[in-house]
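# A structural walkthrough
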Amino acid sequence: MRYVFSEGFDRDCDTQSKRHLVGPSGSSPNEHLKLWDDDDASSLTWVDSSRHGVSKLEAYLYYQGIRGDRKHAPKLIYRTSTDIFSPPSGPSQDLRKMQLLTVHGYEELGQDNLWEVIRDGTAGLLDRKDIKYTSVDLVRFRWEEQSEDSRTKAVTSLATIWIGVLPDSTNGDAAFNCTQDILQLLKKHEIDDVDVAYRESEAWPLAGPILYAPVNDLHPLKGVIDWVTTSLSLPIAGLRTLHMQGTLGFYFKIGEDLYGVTARHVLFPDTEGNALYRYNSSVPKKNVVLMGNKALDDLLASIQALIGTLKNTVVVLNKRVKAYTKKASGGDEQAAKDLATYQQNLNDTEATIVELRKFWALLKRDWFAADDRVIGHVLNKRKFMPNLRGNAIDLGTEIESGKFMSLLCPRYDAPSEFDYPEDRLYLIQTILAAAQTREPDSQDIKGDPTRFVIKRGQTTRTTVGRLNGFESRERRYSLFGNFDSVGMAVCPYDSDSGPFSRGGDSGVAIVGANNDFVAQLTSGTGSAHSSDITYGTPIEWLWNDVIKVEFPNAVLFFDGN
């Protein structure tokens, strides 16, 4: 089975000491309190003193909620929006919570590729002003305010060109000056209802025996086996770069040969540039392994932790069996029924512990050595073919099926095409056309048009997000130059859901609610620990303009053996 890398084909872009701010709502409650202390020299309490700088409270609290309640908000640098920010009087007062929304239905920007002109023109203006941008997105925001009759009303912002800049690299005056040129660019194209805003952000890549068949919800290993089955989203790494972990995105076939696709940076460090790689038999192979060392260690540790939890459950169930045996012996019929239930639960739990211990020992024996986890250079199809089901995503067990369906269809008056599969294996059957990405196919709970997407990655497991109707531009900085790319943008589901992806999810397939393949996840922007926006390479472009050009006989949708 051969291996294909999707990154390195970024469209229309050329390739050219980090310090993370500690936010006001981080892990320590004292960090939140510092916002109301007197200013000092720390980065947390520093205030932009430029003419167009915002206050400390507005800088750190304006976007509160975008990354969730317990995550610090992106630091605001400058904005053109006219809404009034009323800071809380102290740390005990409730904060206004803001939600990041996608943009759909903006007809003027969708015509004649106008957004691409505006987006790339904005990037050019930022470069000319020497502003170290990391991303250019088109988004909206939503928050709640109290009306005059003391009722709560939802407020949605104008479409906003949301610009990410490296931390500590830009002040309000620099942002203001560049924004005047951006507004002139918009005016040139008769656009006068778009805001511009800047926030601090970083862009980052999200980098033996045969594989097992996926298992159903009744199997004792259902919560731990999916990383070594043939379903999509397998954690992978390069044999020589085991610290760089990512995800296997999808498969395709050419005749009887099986190929896998991932993001380039999962297997190639930035030091090797972004040039096209082709295998040459005269040089050593770039072997690919299932699970980097950390992924394997984490899996083994999770099994041990689960065994520990179930052993505690056995202790409790034994007590209940003993107590209800005594009650049942006295002729209590209900106690006899309850005893049978508790005894069955005890038997099932003890059986699950036995299976988990066997599986843990099997992993240590057959998968522990990196050489035993090699599945490529050429991926070894003998490890895959006996149990391969085609391009199917195991939706996992973290989100209960009823809750999952509610996420994809939050309103009864806006039905979804999504159908939860009986065996949790969500089969990808079609490619979403690029033109359709700007067309919402559902509504969120408040009635805003949206297009929900799903992914399952090694780090954040299964998540649901919102696909933006307009593509974004991203820039990553390194000692070896800048890496620019254009891709689809995915926002978090809501303010409480957490990020759509984190580091380690690179390469995973992003799919829609109608068994449609949307994009392959490549990177994200935000803080190092919690992304604001996730980026992916459109699968229509990747498949038609890259893979099919290189492999004309490739087949994406096929049945497993």
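Everything discussed here concerns the structure shown above.
Read on for a plain summary of the structure. (Residues numbered from 1 in each chain as written. Predicted model: local features only at pLDDT ≥ 70, side-chain atom pairs only at ≥ 80, totals over all residues. Heavy atoms only, no water.)

Generally speaking, a soluble globular protein has its nonpolar side chains buried in company with each other. Counting residues in each nonpolar core, the largest one holds 31 residues, and the members touching the most others are Phe404, Leu408 and Phe418. Mapped onto this core, the elements with two or more residues apiece are strand 11 (250-254), strand 12 (257-262), helix 8 (401-408), strand 20 (452-457), strand 24 (509-512) and helix 9 (539-550). The element contributing the most residues to this core is helix 9, with six residues. Residues in contact with Phe418, not counting those within four places in the same chain, are Leu395, Phe404, Met405, Leu408, Tyr426, Ile454 and Ala513. (Core = buried A, V, L, I, M, F, W, Y, C linked by side-chain atoms within 4.5 Å. Buried < 20%, exposed > 50% of the residue type's maximum accessible area, 1.4 Å probe, protein only. Helix = DSSP H or I, 4+ residues; strand = E, 2+ residues; numbered from the N terminus. Contact = heavy atoms within 4.5 Å.)

This part is about the packing of helix 4 (residues 114-128) against helix 5 (residues 172-188). Axis separation between helix 4 and helix 5 bottoms out at 10 Å; the angle between their running directions is 155°. Relative to helix 5, helix 4 is oriented roughly antiparallel. In the crossing of helix 4 with helix 5, the sense of the turn from one axis to the other is right-handed. On the side of helix 4, the interface is formed by Ile118, Gly121, Thr122, Leu125 and Leu126, while helix 5 contributes Cys178, Asp181, Ile182, Leu185 and Leu186. Across the contact of helix 4 with helix 5, the residue classes break down as seven nonpolar, two polar and one charged. (Axes fitted to C-alpha atoms, helices over the stretch in contact; angles between N-to-C directions. Parallel < 35°, antiparallel > 145°, perpendicular 65-115°, else oblique. Left-handed = near helix turned anticlockwise from the far one by under 90°. Nonpolar A, V, L, I, M, F, W, Y, C, P; charged D, E, K, R; others polar.)

Okay, the side chain of Asp516 next. Mapped onto the elements, Asp516 comes out in strand 25 (residues 516-526). Notably, Asp516 is buried but unbridged: the nearest opposite-charge side chain belongs to Arg451, and the N-O separation is 4.0 Å. Look past the residues within four positions of Asp516 in its chain and what remains in contact with it is Ile428, Thr430, Leu432, Arg451 and Val511. (Lys, Arg positive; Asp, Glu negative; His and termini not counted. Salt bridge = Lys/Arg side-chain N within 4 Å of Asp/Glu carboxyl O.)

Side chains of Glu107, Glu108, Asp192 and Asp193 sit close together on the surface and give a patch of like negative charge. Within the element layout of this structure, Asp193 appears in the loop between helix 5 and strand 7 (194-200). Relative accessible area serves as the criterion here: at 33%, Asp193 is assigned to the partly exposed category. (Patch = residues over 30% accessible without salt bridge, like charges linked within 9 Å, V, L, I, M, F, W, Y side chains within 5 Å. Areas by Shrake-Rupley, 256 points an atom, 1.4 Å probe, with all protein chains shown as cover. Charge placed at Lys NZ, Arg CZ, Asp CG, Glu CD.)

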